[in-house]
Amino acid sequence: GNCLDIRVNDSVSALSEKIWLAPPTSYASVQSFMTYKDQMVTGRPRMRFRRLTWGDAFTLGGWISAEDRQQGKLKVAVSRPGLYFSTLFLEALDRAGIVVQGTLRSGRVNRGISLLSYEGRSLGDIVFEVNQDSNNMMARVLAQQLGKTVDPQSDGTEDIGLSVIRDYLDLEMGIVSSNYRLSNASGLSLGNRFSAQQMGQFLLYMYRQPSVWKVFYDSLMPVGEHVKLRHIKLPSDMQVRVKSGTL
């Protein structure tokens, strides 16, 4: 992943010991000035970080609530997921008594070399996390994987993935590229432009695809269960599901 969880220890009163980041790792340090309120309301956390050679130094402020905790929305994103994963892996090897010589460094592996293979979570679980945490990094990695699927000999770049998405919008949904702008797979860009009609066209298409509709539908949360939208009262015969954006 590319996130650290914010944990709260109810058994201690000292603020400096009450809140910390998990999993414990040398990649991250944390200085917390955050307060915790045992209330079912949305908190107002603040986060700053400094990017250092060995990882990220986080400073946490504001306040978090019992509702934030219950919804599992207390997370911070790391600035370099590759270095974060490598640090966790190195620390796991150390705990297992496996001695590793040398230091971590960034670089590019030669094509055709597989460093690690494992069976991960289902695509539905990943899409749920992307939509509810608004996890931009994971969205961009999914686009890279699309690129890798159509061009296995490539590095699976985001640009190739965006080309796959544009072709699908054009050929399958009838949304031609001259009528929208797509410059980033995560949506974290002012260059992305889609009209309300195009979004409606997309939703209608998804609804008519039994193989993917349930995965997409389940990744959206009912208004009544959404942490920020519980106050909205809908008519009894109306159901609305929403995409969050909490990370």
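These lines cover the structure that appears in this document, whether it is placed above or below.

Conventions we followed
Counting restarts for each chain, with residues numbered from 1 along the sequence as it is written. Thresholds applied to this predicted model are a pLDDT of at least 70 for local features of residues and 80 or more for the giving and counting of side-chain atom pairs; totals over whole chains, interfaces and linings are not thresholded and use all residues. Side-chain measures were taken over the full set of non-hydrogen atoms in the model, leaving aside hydrogen atoms and water. The secondary structure listing takes helices from DSSP runs of H or I that are at least 4 residues long and strands from runs of E that are at least 2 residues long, numbered from the N terminus. Relative accessibility decides the category of a residue: with a 1.4 Å probe and only protein chains considered, values under 20% of the type maximum give buried, values over 50% give exposed, and everything between is partly exposed. Here, Shrake-Rupley sampling with a 1.4 Å probe gives the accessible areas, and only protein chains in the shown set may cover a residue. DSSP-based pairing: two strands are paired if at least 2 bridges between them are found. In this text, buried Ala, Val, Leu, Ile, Met, Phe, Trp, Tyr and Cys residues form a nonpolar core when linked through side-chain atoms within 4.5 Å. Contacts were defined at the residue level, with two residues in contact if any of their heavy atoms lie within 4.5 Å. Axes here mean lines fitted to C-alpha atoms, for a helix over just the part in contact, with angles spanning 0 to 180 degrees between N-to-C directions. Expected span of a helix: the number of residues minus one, times 1.5 Å. Of all possible arcs, the one meant is that of the directions from the helix axis to the C-beta atoms. Salt bridge criterion: a side-chain nitrogen from Lys or Arg within 4 Å of a carboxyl oxygen from Asp or Glu. Candidates for patches are residues over 30% relative accessible area with no salt bridge; among them, like charges are joined within 9 Å and nonpolar side chains (Val, Leu, Ile, Met, Phe, Trp, Tyr) within 5 Å.

## Let's talk about the overall build of the protein chain
Each helix and strand counted, the protein chain has eight helices and nine strands in total. Looking at the protein chain residue by residue over its 247 residues, the buried ones come to 32%. When the accessible surface of the protein chain is split by element, carbon and sulfur atoms take 54% of a total near 16300 Å².

## Describing the pairing of strand S5 (residues 44-51)
The buried fraction of S5 is low, at zero of eight residues. When S5 meets strand S6 (residues 56-65), the two strands line up antiparallel, connected through eight bridges. Note that in S6 the partner of Phe49 across the bridge is Phe58. From the end of S5 to the start of S6, which pair antiparallel, there are four residues.

## Quick word on the nonpolar core
Counting residues in hydrophobic clusters, the biggest one holds 17 residues, and the most contacted among them are Leu4, Ile6, Ile19, Leu21, Leu60, Ile64 and Val76. At the level of secondary structure, the elements contributing two or more residues to this core comprise strand S1 (3-8), strand S2 (19-22) and S6. Not counting the four nearest positions on each side in its chain, Ile19 is found in contact with Ile6, Arg7, Val8, Ser32, Met34, Leu60 and Ile64. Among the nonpolar cores identified, the runner-up in size contains ten residues, and Tyr180, Leu182, Tyr205 and Leu220 belong to it.

## Some points on helix H4 (residues 123-133)
Those residues of H4 not exposed but buried are Ile126, Val127, Glu129, Val130, Asn131, Gln132 and Asp133. Buried residues along H4 sit in contact with strand S7 (75-77), helix H5 (136-150), helix H8 (210-218), strand S8 (221-222) and strand S9 (241-242). Positive phi shows up at Ser134, right after H4, with a value of about 50°.

## Quick look at the sheet that holds S2
The sheet built from three strands is open, its strands ordered S2-S1-S7 with antiparallel pairing. Looking at strand neighbours, the two that pair on one side only are S2 and S7, the edges of this open sheet. The sheet shows a mean angle of 30° between the axes of neighbouring strands, taken without regard to direction. As paired strands, S1 and S2 are joined by four bridges and run antiparallel to one another. Across the sheet, the residue bridging to Asp5 is Ala22, located in S2.

## Observations regarding helix H6 (residues 158-171)
Since there are 3.6 residues in each turn of an α-helix, residues three or four apart along the chain are aligned in direction. Given a rise of 1.5 Å per residue, 14 residues ought to cover 20 Å, and the 20 Å separating the end C-alpha atoms of H6 matches this to within 8%. Regarding H6, the residues found buried are Glu158, Gly161, Leu162 and Leu169. Along the axis of H6, the buried positions cluster into a sector of 100°, meaning they face one direction only. Exposed and oriented more than 90 degrees from the buried face of H6 are Asp159 and Leu171. The inward-facing, buried residues of H6 contact H5.

## Comments concerning the pattern of salt bridges
Taken as a whole, this structure holds four salt bridges when the rule is applied. Across the salt bridge formed by Arg80 and Asp56, the nearest N and O atoms sit 3.4 Å from each other. Pair noted here: Arg80 is in the loop between S7 and helix H3 (81-95) and Asp56 is in strand S6, with a separation of 24 residues, a long-range link. You can call Arg80 buried: its relative accessible area is 16%. Taking the relative accessible area as the measure of exposure, Asp56 reaches 0% and is therefore buried. Between Lys214 and Asp218 there is a salt bridge whose closest N-O contact spans 2.6 Å. Placement of both Lys214 and Asp218 in helix H8 is noted, with a separation of four residues, approximately one turn of the helix.

## Let's talk about a nonpolar patch on the surface
On the surface, Phe85, Phe89, Val109, Ile113, Leu115, Leu116 and Tyr118 cluster together to form a nonpolar patch covering roughly 790 Å² of accessible area. Position of Leu115 among the secondary structure elements: in the loop between H3 and H4.

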